[in-house]
Amino acid sequence: MQTAATDMLNIEFPIFAFSHCRDVVAAVTKAGGLGVLGAVAHSPQALETDLAWIENEVGGRPYGVDLIVPAKYAGDEDGGYTLDDIAQLIPDTHRAFIDEILERYDVPELPADDTTTRSNTAVGGHDGNAPFSANAALPQLEVALASNASFIANALGPPPGFLIDRCKEEGKLIGALAGRPQHAERHQAAGVDIIIAQGSEAGGHTGEIGSMVLIPEIVDAVNIPVLGAGGIGRGRQMAAAMALGAQGVWCGS
Ligand SMILES: Cc1cc2nc3c(=O)[nH]c(=O)nc-3n(C[C@H](O)[C@H](O)[C@H](O)COP(=O)(O)O)c2cc1C
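Counting of residues starts from 1 at the beginning of each chain's written sequence and follows it residue by residue. The predicted nature of this model means local features are confined to residues of pLDDT at least 70 and side-chain atom pairs, given and counted, to a pLDDT of 80 or more, with totals for whole chains, interfaces and linings taken over all residues. Excluded from the side-chain calculations are hydrogens and water; all other atoms, namely the structure's heavy atoms, are used.

1. Comments concerning unusual backbone geometry
As a reminder of what qualifies: Comment: elements are numbered from the N terminus, with helices defined as DSSP H or I runs of at least four residues and strands as E runs of at least two. We call a residue buried when its accessible area falls under 20% of the maximum for its residue type, exposed when it is over 50%, and partly exposed in between, using a 1.4 Å probe and counting protein chains only.
Even without glycine at this site, Asn-10 takes up a positive phi of about 60°. Summarising the element assignment, Asn-10 is placed in the loop between α1 (4-9) and β1 (15-19). The phi angle at Asp-106 is positive, at roughly 55°, despite the residue not being glycine. Tracing the chain through its elements places Asp-106 in the loop between α5 (92-104) and α6 (115-119). On the accessibility criterion, Asp-106 (68% relative accessible area) is exposed.

Structural data, given as structure tokens:
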């Protein structure tokens, strides 16, 4: 099947699959779609390992990486808060509430030497930088740019200028998720190549508009290829998204 999306990414089927699991990413790419690895929870080292593993599996076929870098957030003037900054903002009443629940249900404390839970998660894997900040995402971005990934997606808001500039310098295509037509217009104005129109069926991510309404609204709002996302799990739903004007689909669940 040939669409603007398959042409741009040199894939056989216009099926993009977002997953935090590298096995799923590799399987979809090997089957002729485009697997996209959700990297928010990866430390840069873990991302390097997983991308090398994927590349070994897919043998030169295209795949993508998904980062979460909002354009605006508290602390963005300095690249984002650190985890210590955030810890200081948590009121004592919240801490007492949590301690009381843990005690009431006999939840044991994490062992002091537990490195897997603390360091390799969306919260802990970024050298003390808060997740969803430029300081946390920049090392991930550099790993993704040094890889063979052909496509970088950004989940929240228009990708910041530095992200778009670096992707263009390295010849990677860039996508961004949109839950309203205005998001898609902003993404297009920022220089994004593909829009993922994500309806609220996508586990409530991005916004409140259902896919059936959102996809054609976004298709009409921009003049770059749009992928339909949210509640697309079968061929009939894919056909429906494409009848609404999408050039392909983006599946998560
Ligand atoms: C549990 C969960 C986690 C998700 N995490 C991310 C994420 O980190 N980055 C992102 O771009 N999208 C994320 N998404 C949204 C997916 O990219 C995708 O748009 C969505 O799952 C599509 O809808 P579907 O789940 O109905 O297939 C997530 C979705 C779910 C359900």
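That shown, we press on.
2. Details of the pattern of salt bridges
The test is simple: We define a salt bridge as a contact between a side-chain nitrogen of Lys or Arg and a carboxyl oxygen of Asp or Glu at a distance within 4 Å.
Inspection of the entire model under this criterion finds seven salt bridges. A salt bridge links Arg-166 to Glu-142; the shortest N-O distance between them is 2.7 Å. Taken as a pair, Arg-166 in helix α8 (residues 161-169) and Glu-142 in helix α7 (residues 134-146) lie far apart in primary sequence, 24 residues in all. For the salt bridge of Lys-168 with Asp-193, the shortest nitrogen-to-oxygen distance reads 3.6 Å. You can see Lys-168 sitting in helix α8 and its partner Asp-193 sitting in the loop between α9 (181-190) and β6 (194-198), a full 25 residues away along the chain. Overall, Asp-193 belongs to the buried group, its relative accessible area being 17%. One network of salt bridges, with partners in common, ties together Glu-142, Arg-166, Glu-169 and Glu-170.

3. Digging into the pairing of strand β3 (residues 64-67)
Let me state the cut-off plainly: Any two strands between which DSSP finds at least two bridges are classified as paired.
Here β3 shows a buried face lined by Gly-64 and Asp-66 and a second buried face lined by Val-65 and Leu-67. One ladder, built from three bridges, connects strand β2 (residues 34-38) with β3; its direction is parallel. Paired with Gly-38 across the two strands is Asp-66, which belongs to β3. In this structure, β3 lies alongside strand β4 (residues 151-154), joined through four bridges in parallel fashion. Paired with Leu-67 across the strands is Asn-154, a residue of β4.

4. Let's talk about the domain arrangement of the chain
Selection rule: These domain boundaries are the output of an automatic or database domain assignment. Contact criterion: two residues are considered in contact whenever any of their non-hydrogen atoms come within 4.5 Å of each other. Summed over both partners, the accessible surface that disappears when two parts come together, traced with a 1.4 Å probe, is what is meant by buried area. Here a polar contact is recorded for every N or O atom pair within 3.5 Å, except that within protein the pair must consist of a potential hydrogen donor and a potential acceptor, and residues adjacent in sequence are included only if both atoms are side-chain atoms. Charged residues are taken to be Asp, Glu, Lys and Arg, nonpolar residues to be Ala, Val, Leu, Ile, Met, Phe, Trp, Tyr, Cys and Pro, and polar residues to be all remaining types, Gly included.
Examined at the domain level, the chain breaks down into domain 1 (4-76 + 130-251) and domain 2 (80-119). Computed over C-alpha atoms, the centres of domain 1 and domain 2 are 32 Å apart. With eight residues of domain 1 at the contact, the number on the domain 2 side is five residues. A combined buried area of about 470 Å² lies between domain 1 and domain 2, and 55% of that area is made up of carbon and sulfur atoms. Ranking the residues of domain 1 by area buried against domain 2 places Ala-74, Gly-75 and Ala-130 at the top, with a combined share of 67%. The tally of links from domain 1 across to domain 2 stands at zero salt bridges. The interface formed by domain 1 and domain 2 holds two residue pairs in polar contact (both at pLDDT 80 or more) in total. Among the residues making up the side of domain 1 that touches domain 2, the classes are represented as four nonpolar, three polar and one charged.

5. Points about the pairing of β4
Put simply, the rule reads: Handedness of a crossover is defined as follows: with both strands directed away from the viewer, a clockwise route from the first strand across the helix to the second makes it right-handed.
Alternating residues of β4 divide into Phe-151 and Ala-153 and Ile-152 and Asn-154, and every residue in both groups is buried. Pairing geometry for β4 and strand β5 (residues 173-178), over four bridges, is parallel. Across the sheet, residue Phe-151 finds its bridge partner in β5, namely Leu-173. For the handedness criterion, the β-α-β arrangement of β4, α8 and β5 is classed as right-handed.

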